[in-house]
Amino acid sequence: MTELVETDALTAEVLRNALVVAAEEAGIVVVRSAYSTFIVEGSDASAAILDVRGRLIAHSMATTLMNSMALKVALPELIKDLPPSSMRPGEVYVLNDAYRGGVHTNDLLVYRPVFVGDAPAYFTATMIHVSDLGGLSAGGMAPLATDIFLEGLQLPPVRLATEDGVDPAIEAILRANSRTPDKVMGDVRALVAGTAVAAARVRALISEYGERGLAEGIDDYLDYTEARTRTALAELPEGRFEAAYPIDDDGINPEKSHHIRVAVTLDATQALLDFAGTDPQVPAAVNASASQSMAAAVFAVRCFLDPTIPMNDGCLRAIEVRLPEGSLLNARSPYPCGGRYVPIYAAMEAVFQALSDAVPERAIAASGILQPFSIAAVGAPYWIHLSYDFGGVGARQGLDGPDATGVHFGIGRNSVPQAEPVESRCPLIVESIETIPDSGGPGRHRGGLGSRTVYRFLADCHITTRGDRLRLAPPGRAGGLPGRLGGFFKRHLDGRVERLASKVNNVRFTAGEAFIVETTGGGGLGPAAERDRAAIEADLEAGRITARGAADDYGFNAQSSTKSAGSKLMG
């Protein structure tokens, strides 16, 4: 009997990895087939496998939790409108409705049913940010949108394709609503191809293990994941821990902050995250759909658990997330959702700080976050560059924060494209990319550094930005100091540098002018006076801090240190 149990567990683990690989292969197919620069160069594609019950069975290793959670939450909405009994082999479906599990208008969620007998039993799913689907600015960034209709085309669950190819009517609608119709349709066909590859792998597993064998193996490993998650939660102290985190502004009212609030209750083998008290939704692009907020909350909890626990529906059973309807984290129509990074990263930070109170030995200070922006042609023929730069991570208990990586869970594996491919596709030159000395919050453990990137344009263009933590610095923890604020800047032809607001739409740049992106550093942890002298000297040598920063932030005389070192060498 013991041998049988071990064999069953081994089979379940083999199946889990086979399904993860199937999803990973689907994501790779999408990246290699897509037309958009951001997808091809940034590898920003997601793929997942779900069952007809809506359970998240597996997702690709490159898939972000933001995207796989959307694919999970939206599937029941698809099935509600298009029952499985009405589906036929070879059909593919699409939606992007933010209020029904989606993300925002440019993120297309594509599903293909996998039949067992005469009925769908599984769904393979892919998702990317397609190049453009209308809205206030090219590329799907509309930081000053006051309703969702300004963000682009909305698609309810509809049939996208059959065995004969993409539905001509849907293709006509997509083309008519895009500034880059050929790229969009290239992206769409890549999404469809990805679902086909994953479906073929699932069918192969059904043939190898049988319908019942595959189903039971999936049940086993989902149960196993749930058990491991509950065991890890049981190791955390029981209690209720509250925290809040601010949003700089909503872009419409630049001096008005908004707040995300959470109460994390740890009770034996379960975690409850209740965001009651979070500020209400606003007619500005700083709201999020429920799927995105759920992803932020789950990700933040998982950061305090065993990192080897798989991410699938079993994990989700042990974590309950409550999102008040009509709040910044669960917006309802017609409130815009395109700026979801801003509130969900605040939600993630609030959970981090609550759990840092619960488990101080794993504490982390607040971080600088990703700063999205787009660069686009001012008119046809359109070219678009979408990108992000990342802030410094907050210092952790016992460790400095990593530089310019951000604590992120929403981007592809190579989310900041390399300079050369971008320069080959767009009329611009990437003049420099560097970390910013002294930008990490001082502390016993230093916050991670922010970065500076300079783009000089060879043609007129429009810049759109959607930044945050550019007015309210990420605070330090336990006596640590805040990170240095970043910002977006315009360098004029005469060399004058002008600071832009954190959220701007279609700011005109002329050829020869430059766009400067500076990201915010992470907060420090512990008093700066307690920082190890050797660590300060190492930072000076590596250029992470300047002599002035060493003196101002740490009371450290770099010249005296150099003389002392020289004396030792001569001796």
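Residues numbered from 1 in each chain as written. Predicted model: local features only at pLDDT ≥ 70, side-chain atom pairs only at ≥ 80, totals over all residues. Heavy atoms only, no water.

Quick notes on the sheet that holds strand E13 (residues 384–389)
Reasoning step 1: On the basis of which strands lie adjacent, the open sheet formed by four strands has the order E13-E12-E16-E19 and antiparallel pairing. With partners counted over all chains shown, the strands left at the sheet margins are E13 and strand E19 (503–509), one partner each. Looking at each pair of strands side by side, their axes are set apart by 15° on average, direction ignored.
Reasoning step 2: Relative to E13, strand E12 (residues 371–377) runs antiparallel, the two being bridged by six bridges. In the sheet register, Ser374 faces E13, and the bridge partner there is Leu386. (Pairing = 2+ DSSP bridges. Helix = DSSP H or I, 4+ residues; strand = E, 2+ residues; numbered from the N terminus. Axes fitted to C-alpha atoms, helices over the stretch in contact; angles between N-to-C directions.)

Remarks on the pattern of salt bridges
Reasoning step 1: According to the stated counting rule, one finds 43 salt bridges in the structure shown.
Reasoning step 2: Among the ionic pairs, Asp223 bridges to Arg317, the shortest N-O distance being 2.9 Å. Taken together, the residues Asp223 in helix H5 (residues 181–234) and Arg317 in the loop between helix H7 (313–316) and strand E11 (319–322) connect sequence positions 94 residues apart.
Reasoning step 3: Close ionic contact of Asp552 with Arg548 constitutes a salt bridge, the shortest N to O distance being 3.4 Å. Placement of the pair is Asp552 and Arg548 together in helix H11 (residues 547–554), with a separation of four residues, close to one helical turn.
Reasoning step 4: Overall, Asp552 belongs to the exposed group, its relative accessible area being 55%.
Reasoning step 5: Accessibility expressed as a relative area gives 66% for Arg548, which makes it exposed.
Reasoning step 6: It is possible to trace a salt-bridge network through shared partners that takes in Asp400, Asp403, Arg446, Arg531, Asp539 and Arg544. (Salt bridge = Lys/Arg side-chain N within 4 Å of Asp/Glu carboxyl O. Buried < 20%, exposed > 50% of the residue type's maximum accessible area, 1.4 Å probe, protein only.)

Side note on the nonpolar core
Reasoning step 1: One finds Tyr111, Leu160, Leu174, Leu273, Phe275 and Val351 to be the most contacted residues of the largest nonpolar core, which totals 111 residues.
Reasoning step 2: Ranked by residues supplied to this core, first place goes to helix H8 (residues 341–358) with 13 residues.
Reasoning step 3: When near neighbours in sequence (up to four residues on either side) are disregarded, Leu273 contacts Val262, Ala263, Val264, Ala297, Val301, Ile319, Glu320, Val321, Arg322 and Val351.
Reasoning step 4: By size, the runner-up hydrophobic cluster in this structure holds 23 residues, among which are Ala58, Val116, Leu205 and Leu214. (Core = buried A, V, L, I, M, F, W, Y, C linked by side-chain atoms within 4.5 Å. Contact = heavy atoms within 4.5 Å.)

Considerations on the pairing of strand E20 (residues 514–518)
Reasoning step 1: Counting buried residues along E20, five of its five residues qualify, which places the element largely inside the surrounding structure.
Reasoning step 2: By the bridge criterion, five bridges tie strand E15 (residues 451–457) to E20 in an arrangement that is antiparallel. Paired with Tyr455 across the bridge in E20 is Phe515.
Reasoning step 3: Here strand E17 (residues 487–491) pairs with E20 via five bridges, running antiparallel. Residue pairing across strands places Arg491 opposite Ala514, the latter belonging to E20.

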